[in-house]
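Chain and residue survey
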Amino acid sequence: MITSLSIVGAGNCGCAFAADIENRGIKALLYAHPNHSRNVDAIAKNGFLDSIGAVTGRFYPAVSTNMEEALQFSNIVIIAVPSYAQNDILSELEKYDVSSHIIIAASGNFFTLVASRRIRARYLLETSASPYGSRVVGGKQSEQQFIDSWYGINVFGFKTVMPIGSLPADIDASLRAEINAIFPGTLQWCDNVIETAFYNFNGVLHPITAVMNTGWIEHSKGNFYFYQEGMTPSVTKIMQAIDNERLAIAREYGARVASCLKQMNTYYGLNHQSLNEFAKGSALHSTMKLCPTNMQHRYLAEDLPYVLVPWYELGLKAGKQSPFIRSLILWSSMINNTDYLRAGRNLKAM
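This is a predicted model, so every value here is computed, not measured.

Attention shifts here to helix H10 (residues 233-252). Think of an α-helix as turning once every 3.6 residues; residues three or four places apart then point the same way. Over its 20 residues, H10 runs 29 Å from end to end, which matches the ideal 28 Å to within 8%, given 1.5 Å per residue. Among the residues of H10, those classed as buried are Val235, Thr236, Met239, Ala241, Ile242, Asp243, Glu245, Arg246, Leu247, Ala248, Ile249 and Ala250. Those residues of H10 hidden inside the fold are in contact with helix H8 (202-212), helix H11 (260-268), helix H12 (275-281), helix H15 (304-317) and helix H16 (323-335). Looking one or two residues past H10, Gly254 carries a phi angle of roughly 75 degrees, positive in sign.

So this is what it looks like as structure tokens:
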């Protein structure tokens, strides 16, 4: 039985994880890299982490900027940082013996393939996405619910089913059950980590919507409903074409993944008939704006180079041209003056 958990990253996912598992009787430690410690510093100053929404209460996770302390706290480690920060975390982990640790990236985006070249953990696992829909709330002015505190997390939902993969893949049933107890929903165990990474639908949903709404994002600084207003019939038509290319690439690697629409319905217990209907009808996504304020937002800076680029490169390796994904990568590279095919998680990086 898992009684403690170290969480690397004190952002939206990490703070939600800490509140949720403390609420379920598992002790948490929140680690932040010393160069990115603002959130854990705030929690340490207050002495607590407040949470509202799907997880409500005041919690008292341990906090640290010392990786050795985090590794000593628990042999189960959740990596809850954006993909572009994973390299910094691996540089820290390389300094220590993690051979007895189980390291889980949430979400992974092929993290396990990169990490396996640099560290020797007992198991490396990755999920297809963050299990939570959540936002950090900092400062008295941020939300009325936090008027008496300085820092907290709003957990506005979680995925009821979460794809996960392990490297090596021979993880036994008893350990699977223990790991399942960490997560708020049911784990969907994939045959391998490549299959898991094809389940990250952020690559389907976010980059094309951001690019097709570039003018509105830059003009309004994100003052519109990204899902409900940004995912119009024409945008979701291209989104569906990108999803079709993802499915075709995945099949070349023996991964029988579900369509984006089907899996999103499964995640959130819905029954929408199209991506456009999902965008307008999902209460979790359509009641908040969830919109980038600029084009350097993670919807492009993470979901394109760490999701779409590896999909595309694996597709090329299997003889798939994937013209819609390629076009989106090229447009995004021009918008952000970055060669994402070179800078992203390409075959060489994996």
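Here we come to the packing of H10 against H15. Two numbers describe how H10 lies on H15: the axes approach to 9 Å, and their chain directions differ by 50 degrees. Judged on the interaxial angle alone, H15 and H10 are oblique. Handedness of the crossing formed by H10 with H15: left-handed. Here Ile242, Arg246 and Ile249 of H10 come into contact with H15, specifically with Leu308, Trp311, Leu314 and Gly315. In the contact of H10 with H15, the residues fall into five nonpolar, one polar and one charged.

Across the seven residues that make up strand S11 (residues 161-167), a large majority, six, are buried. Bridging between strand S8 (residues 123-127) and S11 involves four bridges; their strand directions are antiparallel. By the bridge assignment for S11, Glu126 is matched with Gly165. The parallel pair S11 and strand S12 (residues 186-189) is bridged by helix H6 (residues 173-180), and the resulting crossover is right-handed.

Parameters at a glance
Residue numbers here run from 1 along each chain, matching the order of that chain's written sequence. The predicted nature of this model means local features are confined to residues of pLDDT at least 70 and side-chain atom pairs, given and counted, to a pLDDT of 80 or more, with totals for whole chains, interfaces and linings taken over all residues. To get the side-chain values, all heavy atoms of the structure are used, and hydrogens and water are removed first. Here a helix means four or more residues in a row that DSSP labels H or I, a strand means two or more in a row labelled E, and each is numbered from the N terminus. The span you would expect from a helix comes to 1.5 Å times its residue count less one. Only protein chains enter the accessibility calculation, which uses a 1.4 Å probe; a residue whose area is less than 20% of its type maximum is buried, one above 50% is exposed, and one in between is partly exposed. Residue contacts follow a heavy-atom distance rule, with two residues in contact if any of their heavy atoms lie within 4.5 Å. Each axis is a line fitted through C-alpha atoms, taken for helices only over the stretch in contact, and angles between the N-to-C directions span 0 to 180 degrees. Just so you know how the angles are binned, under 35 degrees is roughly parallel, over 145 roughly antiparallel, 65 to 115 roughly perpendicular, and the rest oblique. The hand of a helix crossing depends on one turn: near helix anticlockwise from the far one by less than a right angle means left-handed, and clockwise means right-handed. As a working rule, the residues Ala, Val, Leu, Ile, Met, Phe, Trp, Tyr, Cys and Pro are called nonpolar, Asp, Glu, Lys and Arg charged, and the rest polar, with Gly in that last group. At least two DSSP bridges between two strands are needed for those strands to be called paired. Handedness of a crossover is defined as follows: with both strands directed away from the viewer, a clockwise route from the first strand across the helix to the second makes it right-handed.

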